[in-house]
Amino acid sequence: MAELLLALDVKGREEAARVALACEGELDAIKIGYPLVLSTGLGIVKELAKANIPIIADFKVADIPNTNALICEEVFAAGCSGIITHAFCGSDSLLAIVDGAHDHGGSAFVVCEMSHPGALDFLSGANAERMAKMAKESGADGIIAPATRPDRTAVLRSVIGGSMKIYSPGVGAQGAQPEDVKKYVDGIIVGRAIYESADPGKAAHEFRVRAL
Ligand code: 3DU
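About the cut-offs
- Residues numbered from 1 in each chain as written.
- Predicted model: local features only at pLDDT ≥ 70, side-chain atom pairs only at ≥ 80, totals over all residues.
- Heavy atoms only, no water.
- UniProt positions renumbered as here; feature names shortened; annotations may be inferred.
- Helix = DSSP H or I, 4+ residues; strand = E, 2+ residues; numbered from the N terminus.
- Expected span 1.5 Å × (residues − 1).
- Buried < 20%, exposed > 50% of the residue type's maximum accessible area, 1.4 Å probe, protein only.
- Arc of directions from axis to C-beta.
- Contact = heavy atoms within 4.5 Å.
- 1 Å grid on protein atoms, 1.4 Å probe; cavity = no way out; pocket = protein on both sides within 12 Å on 5 of 7 lines; lining within 4 Å.
- Core = buried A, V, L, I, M, F, W, Y, C linked by side-chain atoms within 4.5 Å.
- pLDDT = per-residue confidence, 0-100.
- Near = heavy atom within 4 Å.
- Polar contact = N/O pair within 3.5 Å; in protein donor to acceptor, adjacent residues only side chain to side chain.
- Areas by Shrake-Rupley, 256 points an atom, 1.4 Å probe, with all protein chains shown as cover.
- Sits in = over half its atoms within 2 Å of the grid points.
- Nonpolar A, V, L, I, M, F, W, Y, C, P; charged D, E, K, R; others polar.
- Points joined across faces, edges and corners; volume = space filled by probe spheres on them.
- Axes fitted to C-alpha atoms, helices over the stretch in contact; angles between N-to-C directions.
- Left-handed = near helix turned anticlockwise from the far one by under 90°.

- Looking at an unreviewed UniProt entry, the chain carries the name Orotidine 5'-phosphate decarboxylase, with the source organism given as Methanocorpusculum parvum.
- UniProt, in its Sequence similarities (unreviewed entry) section for the chain, records the words "Belongs to the OMP decarboxylase family."

Dropping the structure here:
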C-alpha cells in the first residue's frame, strides 16, 4: 500500500488553491517545487497548510553545506515538513540537509535515481546505489526512486532496507502505473495526470485507490 503525493507544479496561487481544494481528502502530502514557488513565493506553503497534510519542498538542493543549511532554515520556517535534496555534492552537503531538516523537526529525502530517460546518463546504476547507501548513512528519512524503472527501485529498496521511505515519481504523465511500483515504495508522486485532469479530485481519488 502506497501513499499518494501530489506534485503541485502549477503556477500561481489561484491555480494551486483550485487543485488543492479539488483534491482535498485524497492526498497524503503535497510536493511543491520551483514552478509553484517561483510564481508565488514561499508564502504559498502557509496557504497550502490549510489542507492539513505535509508539504514537501522539492528543491533538489545541490550546494555546499553552509548554503544547504541556510536553505533548510528558510524551507522549514515557511512551514514545510520535508525537503528533497540531491546527494551528488557529497556526504558533507547531504548531512547539512539531513541535520538541517531534523533540527527543525522535518524530514529529508534524497534523490537517488531519477525517472526520466536522461537519468541513465548519470543518475542511475552504480551511482544511484552509492547515493542510496550515502542516504542511509546520513540518517535521511527516505529516498526518491523511479516508478518508470520499478526493477531499479526494487534494487534501491534492497540497498536502504525497510526502515527508510521511498517516494516514487513517474506515475501518470511519464508513463508508469501505480501497480508497477507500489509494492516497493511508501508513496507514489503524481503531478500532471492529476492537476491537468478535467477533474483533479476524481483523478486523485483513482490514483489513491490504485496505490492501495
Ligand atoms: O511527471 P509528473 O507531472 O507526474 O511530475 C513528477 C514530479 O516529480 C515533478 O515535480 C518532478 O519534478 C518530480 N520528479 C520527477 O519527476 C523525477 C524525479 O526523479 C524526481 C522528481
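## Observations concerning helix α6 (residues 125-138)
So, step 1. Taking 1.5 Å as the rise per residue, α6 with 14 residues should run 20 Å; its terminal C-alpha atoms sit 20 Å apart, in good agreement.
So, step 2. Listed as buried for α6 are Ala 128, Met 131, Ala 132, Met 134, Ala 135 and Ser 138. The arc that holds every buried residue of α6, seen down its axis, measures 165°, which confines them to one face. Within α6, the exposed residues directed more than 90 degrees away from the buried face are Ala 126, Arg 130 and Glu 137.
So, step 3. For α6, the elements touching its buried residues are α5 (91-103), β5 (107-111), β6 (142-144) and α7 (150-160).

## A few points about the UniProt feature "binding site: substrate" (unreviewed entry) in the chain
So, step 1. The positions UniProt marks with the feature "binding site: substrate" (unreviewed entry) are Asp 9, Lys 31, Ser 115, Gly 191 and Arg 192. For the largest pocket, the lining residues drawn from the annotated set are Asp 9, Lys 31, Ser 115, Gly 191 and Arg 192.
So, step 2. When you line up the elements, Asp 9 lands in the loop between β1 (3-7) and α1 (13-22).
So, step 3. By relative accessible area, which is 27% here, Asp 9 ends up partly exposed.
So, step 4. What Asp 9 contacts, discounting residues up to four positions off in sequence, is Gly 33, Pro 35 and Tyr 195.
So, step 5. The partly exposed category is assigned to Arg 192, whose relative accessible area is 40%.
So, step 6. Not counting residues within four places of it along the chain, the set of residues in contact with Arg 192 comprises Ala 173, Gln 174 and Ser 197.

## Notes on the nonpolar core
So, step 1. Residues Leu 8, Ile 30, Ile 32, Leu 48, Ile 83, Ile 143 and Ile 194 are the most contacted members of the largest nonpolar core, which totals 63 residues.
So, step 2. Here the element with the most residues in this core is α6; it accounts for five residues.
So, step 3. If you look at the next biggest cluster of nonpolar residues, it comprises ten residues, including Leu 5, Ala 29, Ile 56 and Ile 189.

## Observations regarding the confidence of the model for the chain
So, step 1. For the chain, the mean per-residue pLDDT works out to 97, and 100% of the residues sit at or above 70.
So, step 2. Complex prediction metrics read pTM 0.97 and ipTM 0.98.

## Considering the site of the ligand
So, step 1. What surrounds the ligand is a group of 14 residues, the closest being Asp 9, Lys 31, Gln 174, Gly 191 and Arg 192.
So, step 2. Residue Asp 9 places a side-chain N or O atom 2.6 Å away from an oxygen atom belonging to the ligand.
So, step 3. When the ligand is considered free in solution it has 470 Å² of accessible area, and contact with the protein chains removes 88% of it.
So, step 4. Among the cavities detected, the one that contains the ligand is the largest pocket.
So, step 5. Among the elements of the structure, β3 (55-61) and β8 (187-190) are those that each provide at least two residues to the shell around the ligand.
So, step 6. Considered class by class, the residues forming the shell around the ligand number six nonpolar, three polar and five charged.

## Quick notes on the layout of surface pockets
So, step 1. The calculated volume of the largest pocket comes to roughly 480 Å³.
So, step 2. Forming the walls of the largest pocket are 26 residues, and the residues nearest its centre are Asp 9, Lys 31, Lys 60, Pro 169 and Gln 174.
So, step 3. The leading source of residues in the lining of the largest pocket is helix α9 (residues 192-195), at three residues.
So, step 4. Of the residues belonging to the lining of the largest pocket, the class tally is 14 nonpolar, six polar and six charged.
So, step 5. Lining the second largest pocket are Arg 13, Ala 16, Ala 17, Ala 20, Leu 21, Glu 24, Ile 44, Glu 47, Leu 48, Lys 50 and Ala 51.

## What about the packing of α6 against α7?
So, step 1. In the contact formed by α6 and α7, the axes pass within 9 Å of each other and the chain directions differ by 35°. Crossing angle aside, the handedness with which α6 passes α7 is right-handed. For the pair α6 and α7, the contacting residues are Gly 125, Ala 128, Glu 129, Ala 132, Lys 133 and Lys 136 in the first and Arg 152, Val 155, Leu 156, Val 159 and Ile 160 in the second.
So, step 2. Within the contact of α6 with α7, the residues separate by chemical class into six nonpolar, one polar and four charged.

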